Amino acid sequence: MAKNEMMANAIRALAMDAVQQANSGHPGAPMGMADMAVALWGENLQHNPGNPHWPDRDRFVLSNGHASMLIYAVLHLTGYDLPIGELKNFRQMGSKTPGHPEVEVTPGIETTTGPLGQGLTNAVGMALAEKLLAKEFNRTDGKADHRIVDHRTYVFMGDGCLMEGISHEAIALAGAWRLNKLIALYDDNGISIDGQVAPWFIDNTPQRFTACGWNVIDAIDGHDADAVSAAIAQARKSTDKPTLIVCKTHIGKGSPNRANTSKAHGEPLGAEEIGLTRTALNWPHTAFSLPKETYSAWDGKLKGRKLEAAWDKKFSAYQKAYPELAAEFERRMKGELPKSFSQVAVDTVVAAHTKAETVASRKASQLALEAFTAGLPELLGGSADLTGSNLTNTKSTPSLRFDANGDVVQLEAANGSLVGVRHINYGVLEFVMAAIMYGVALHGGFIPYGGTFLTFSDYSRNAIRMAALMKLRVIHVFTHDSIGLGEDGPTHQSIEHAASLRLIPNLDVWRPGDTAETAVAWAVALQNKTRPTALLLSRQNLPYAPKDDVGQISKGAYVLAEPAEVGLNKKAEAVIIATGSEVQLALKAQELLAAQKIAVRVVSMPSNTTFDRQDAAYKSKILPEGIPRIAVEMGVTDGWWKYGCAAVVGIDTFGESAPAGVLFEHFGFTPDNVVATVRKVLRRK
């Protein structure tokens, strides 16, 4: 048996054996893409099994994540810390081989994939991060070539990835950004769960990619590893375009009765068919048993050590020539904030508290960003065609642009130095923006943030969820957070969105009520190394809420005003909890109630998710037992009952199109209605 055939058949055998043992999984795609994996991982991929986090490794994304046994087999065979026992435990509790690839669970996995199309989009984000870091850090001085960032991003994908609408958005941006180090290999087998795709998927895929500015290498025999390898070598020569390699394959390759059918897609082959397949492949070995020559052929440990050692030598020379740049590169790739961050954060919050400006919280966000983007060069911003509304741009973040050669355009600063571009105009592409951002975060070197209207968070929700699942530091800036946006009407007015986002595990949601709370929200988000953040910001101006101390804002909720602060020296009879723009409503109601000799405490809760993580003592200090609680938020009421509220002033219908003031009156967001609600709870007539 030829070497390439032996290597590919090892993948096929491991895939069908693991799926059979688990009685669950997708054997067809790994069996069909096995030769593609031989071409890439056996010949072209720059990686080191002994160090999966080597900074200049090539990134590999399995976008069709249901084919997970392909990557698990390859990682095992090439020498990653993934023993055969883990393959035997495929899809079992606690194993390193879950049903779909998960980052930080399996060594060598670069991103969690499964929701189709997002892996391809992650790869676009990774390739963009590589291109921007290379422009920022690489140097040539005439004596030496100091290219410390010089790697490629490869992605395997199938028909399902290309059916998802996000794929259209992703390939368009990859072409616009001239990501020449992005190479996509398309497993063109024409089969999905429902059978032959021809009745519903008639795209001319090569023409589609060509139209988006890609090189296309079409009609490669995906079962000829040498042909695929040659196509990859050709793709690597591109200097100004990403490349698509169309690999014609047979799903379930080797299976006499399941190949080229949907039956190979998502169920075990069965013991009888596996026996027939072993015979057809001339593979006499028992389940999970591989000959030594197979491991020898696949072993990537020695080559990987040599590749990383060569890079280490290059980086050592770079450190001597550019010590400050080298230290900055290492800091950013580790995801560490600069030592100056704490002071920048304190200064930003104190400045907001001292100035006490009346501005929309979206403007308060921009004010905070001015300070943070100036102090953190790793902040990479953007907006889905709403920059002027989201206010995500600052003086330190010029827009991303490329020249005729596809190079990143840098701008000259006042001191004569070149400034990197740090704000991305995504276009009207909310979903792809969110998935690219977490691809950028996975690559390392940047903290991405991007803006759109809160109501459009629905478009990007699954990508937000994926970032939370992967524990990534990604910041979503959502403006126009309520009916307060006014005349645009119910299509744009967020009602259920805050509550919906709060349901996503590991996502921090902040709805700040003034400039200080917004600055704190940003500071906390930037320190959240293991969770993404959603900032929900107003279009309308919000007065500053006077406060004695800003120290407890970071705990998600704090006592903003006691009865004594409105001239009533009595113990609070009720607590009004408010978020965002409704904090001012609560404060006004507190004044009116004080005039009626009713004492209430006002609690500002800019982040329910953060407050929920506090200890019981702090929670009971802010929300004492035995005192009725009334929540006020311009959104659905369901999420507030968990705080033991006696009443909630909210909205459980869609909004209306009218000026904001008219809407507030119509939906009961007035001081008088809050007062009436409190009186009703306290049974005061």
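Described in the following lines is the structure provided in the data block. All values derive from a computational prediction rather than experimental measurement.

1. Here's the deal with the overall build of the chain
Next up, step 1: Helix and strand counts for the chain come out as 25 helices and 24 strands.
Next up, step 2: A globule of 685 residues ought to have a C-alpha radius of gyration of about 26 Å, and the chain, at 28 Å, matches this closely.
Next up, step 3: With the principal axes as the frame, the chain shows a C-alpha extent of 90 × 65 × 45 Å.
Next up, step 4: The buried share among the 685 residues of the chain stands at 60%.
Next up, step 5: Counting only contacts in the chain whose residues sit at least 6 apart along the sequence, the fraction spanning at least 24 positions is 77%.
Next up, step 6: When the accessible surface of the chain is totalled, it reaches about 26,100 Å², and 51% of it is carbon and sulfur.

2. Regarding the sheet that holds strand 20 (residues 558-561)
Next up, step 1: Taken in spatial order, the five strands make up an open sheet running 20-22-21-23-24, and their pairing is mixed. Edge positions in the sheet fall to strand 20 and strand 24 (645-649), since each of these pairs with one other strand and no more. Direction aside, neighbouring strands of the sheet carry axes that sit 30 degrees apart on average.

3. A word on helix 9 (residues 225-235)
Next up, step 1: Every buried residue belonging to helix 9 is among Ala-225, Val-228, Ser-229, Ala-231, Ile-232 and Ala-235, and all of these are buried. All buried residues of helix 9 project into a common sector of 160 degrees when viewed along the axis, lining one side.
Next up, step 2: Those residues of helix 9 that are buried lie in contact with helix 1 (3-22), helix 2 (28-44), strand 4 (153-157), strand 5 (182-188), strand 8 (215-221) and strand 9 (243-248).

4. Things to note about the packing of aromatic side chains
Next up, step 1: If you walk through the whole model with that rule in mind, you get 18 aromatic pairs.
Next up, step 2: Look at Tyr-72 and Phe-90: their rings are 6.1 Å apart centre to centre, the planes differ by 70 degrees, and that puts the pair in the edge-to-face class. Remark: Phe-90 occurs in the loop between helix 4 (84-88) and helix 5 (118-137) and Tyr-72 occurs in helix 3 (residues 68-78); sequence separation between them is 18 residues.
Next up, step 3: Looking at Tyr-72, the relative accessible area reads 0%, which means it is buried.
Next up, step 4: Residue class for Phe-90 comes out buried when judged on its relative accessible area of 2%.
Next up, step 5: Their ring planes at 25 degrees and their centres at 5.9 Å tell us that Phe-315 and Tyr-318 sit as a pair that is stacked. One end of the pair is Phe-315 and the other is Tyr-318, both in helix 12 (residues 301-321) and three residues apart, which spans about a single turn. The same class applies to Phe-315 as to Tyr-318, namely buried.
Next up, step 6: An aromatic cluster is defined as three or more aromatic residues linked by ring pairs; in this entry it consists of Phe-137, Trp-311, Phe-315, Tyr-318, Tyr-322 and Phe-329.
Next up, step 7: The side chain of Arg-332 reaches across the aromatic face of Phe-446, ending 5.1 Å from its centre.
Next up, step 8: Over the aromatic face of Tyr-544 sits the side chain of Lys-547, whose NZ or CZ is 4.1 Å from the ring centroid.

5. Here's the deal with the side chain of Thr-579
Next up, step 1: Inspection of the secondary structure puts Thr-579 in the loop between strand 21 (574-578) and helix 21 (582-595).
Next up, step 2: Here Thr-579 falls in the buried class, since its relative accessible area comes to 0%.
Next up, step 3: A polar contact is formed between the side chain of Thr-579 and the side chain of Glu-633, at a distance of 2.7 Å.
Next up, step 4: If we skip the residues at most four places from it in the chain, Thr-579 touches Arg-502, Arg-511, Met-605, Val-632, Glu-633 and Trp-640.

6. Topic: the side chain of Thr-455
Next up, step 1: Inspection of the secondary structure assignment puts Thr-455 in the loop between strand 15 (447-453) and helix 18 (457-469).
Next up, step 2: On the basis of relative accessible area, Thr-455 is assigned to the buried category, the value being 9%.
Next up, step 3: Of the polar contacts made by the side chain of Thr-455, one reaches the backbone oxygen of Thr-491; its length is 3.5 Å.
Next up, step 4: If near-sequence neighbours (up to four positions away) are discounted, Thr-455 is found in contact with Thr-491, His-492, Ser-494 and His-497.

7. Observations concerning the packing of helix 5 against helix 13 (residues 323-334)
Next up, step 1: With their axes 11 Å apart at the nearest point, helix 5 and helix 13 run at an angle of 160 degrees to one another. Here helix 13 runs roughly antiparallel to helix 5, going by the angle between their axes. Here helix 5 and helix 13 pass one another in a crossing that is right-handed. When helix 5 is examined against helix 13, the residues Leu-133, Glu-136 and Phe-137 are found in contact with a partner set consisting of Leu-325, Glu-328, Phe-329, Arg-332 and Met-333.

8. Some details on the nonpolar core
Next up, step 1: Counting residues in each nonpolar core, the largest one holds 76 residues, and the members touching the most others are Phe-372, Trp-522, Leu-526, Ile-576, Leu-623, Phe-669 and Val-678.
Next up, step 2: Top contributing element to this core by residue count: helix 20 (residues 515-527), with nine residues.
Next up, step 3: Not counting the four nearest positions on each side in its chain, Phe-372 is found in contact with Phe-341, Val-344, Ala-345, Thr-348, Leu-379, Ala-519, Trp-522, Ala-523 and Leu-526.
Next up, step 4: Formed by 68 residues, the second largest nonpolar core is a distinct cluster that contains Trp-54, Leu-128, Ile-166 and Phe-446.

9. Section: helix 15 (residues 361-375)
Next up, step 1: With 15 residues, helix 15 ought to run about 21 Å at 1.5 Å a step, and its terminal C-alpha atoms sit 21 Å apart, in line with that.
Next up, step 2: At Leu-369, helix 15 is deflected by roughly 25 degrees, the largest bend along its length.
Next up, step 3: Those residues of helix 15 that sit buried are Ser-361, Arg-362, Ala-364, Ser-365, Gln-366, Ala-368, Leu-369, Phe-372 and Thr-373.

10. Concerning the environment of Ile-274
Next up, step 1: Mapping Ile-274 onto the fold places it in helix 10 (residues 271-281).
Next up, step 2: For the pair Ile-274 and Ser-399, spaced 125 residues apart in the sequence, the C-alpha separation amounts to 55 Å.
Next up, step 3: Those residues in contact with Ile-274 that lie beyond four places of it in its chain are Met-16, Asp-17, Gln-20 and Leu-269.

11. Brief notes about the sheet that holds strand 1 (residues 59-62)
Next up, step 1: Ordered in space as 1-4-5-9-8, the five strands form an open sheet in which the pairing is parallel. Of all strands in the sheet, those bounded by a partner on one side alone are strand 1 and strand 8. For this sheet, the mean angle separating the axes of adjacent strands, direction not counted, is 15 degrees.
Next up, step 2: Sheet topology note: the strand 4/strand 5 ladder contains five bridges and is parallel. Counted as the bridge partner of Tyr-154 is Ile-183 from strand 5.

12. Structural notes on the pattern of salt bridges
Next up, step 1: Under the counting rule described, the total for this entry stands at 28 salt bridges.
Next up, step 2: Among the ionic pairs, Arg-601 bridges to Glu-562, the shortest N-O distance being 2.8 Å. In this pair, Arg-601 sits in strand 22 (residues 600-604) while Glu-562 sits in the loop between strand 20 and strand 21, placing the two residues 39 residues apart along the sequence.
Next up, step 3: Through salt bridges that share partners, Asp-481, Arg-502, Arg-511, Glu-582 and Glu-633 make up one connected network.

13. Observations regarding unusual backbone geometry
Note on backbone geometry: most residues besides glycine have negative phi, and most peptide bonds are trans.
Next up, step 1: The phi angle at His-480 is positive, at roughly 55 degrees, despite the residue not being glycine.
Next up, step 2: Within the secondary structure, His-480 is located in the loop between strand 16 (475-479) and helix 19 (497-502).

14. A short note on the pairing of strand 9
Next up, step 1: Most of strand 9 sits inside the fold, with five of its six residues counted as buried.
Next up, step 2: Note that strand 5 and strand 9 share six bridges and pair parallel. Paired with Tyr-186 across the bridge in strand 9 is Val-246.
Next up, step 3: Handedness of the crossover joining strand 8 and strand 9 through helix 9 is recorded here as right-handed.

What counts and how
Residues numbered from 1 in each chain as written. Predicted model: local features only at pLDDT ≥ 70, side-chain atom pairs only at ≥ 80, totals over all residues. Heavy atoms only, no water. Helix = DSSP H or I, 4+ residues; strand = E, 2+ residues; numbered from the N terminus. Rg over C-alpha atoms; globule rule 2.2 N^0.38 Å. Buried < 20%, exposed > 50% of the residue type's maximum accessible area, 1.4 Å probe, protein only. Contact = heavy atoms within 4.5 Å. Areas by Shrake-Rupley, 256 points an atom, 1.4 Å probe, with all protein chains shown as cover. Pairing = 2+ DSSP bridges. Axes fitted to C-alpha atoms, helices over the stretch in contact; angles between N-to-C directions. Arc of directions from axis to C-beta. Phe/Tyr/Trp six-rings, centres within 6.5 Å; stacked < 30°, edge-to-face > 60°. Lys NZ or Arg CZ within 6 Å of the ring centre and 35° of its normal. Polar contact = N/O pair within 3.5 Å; in protein donor to acceptor, adjacent residues only side chain to side chain. Parallel < 35°, antiparallel > 145°, perpendicular 65-115°, else oblique. Left-handed = near helix turned anticlockwise from the far one by under 90°. Core = buried A, V, L, I, M, F, W, Y, C linked by side-chain atoms within 4.5 Å. Expected span 1.5 Å × (residues − 1). Bend = angle between axes of the 7 residues up to and from the residue. Salt bridge = Lys/Arg side-chain N within 4 Å of Asp/Glu carboxyl O. Right-handed = clockwise from strand over helix to strand, strands pointing away.

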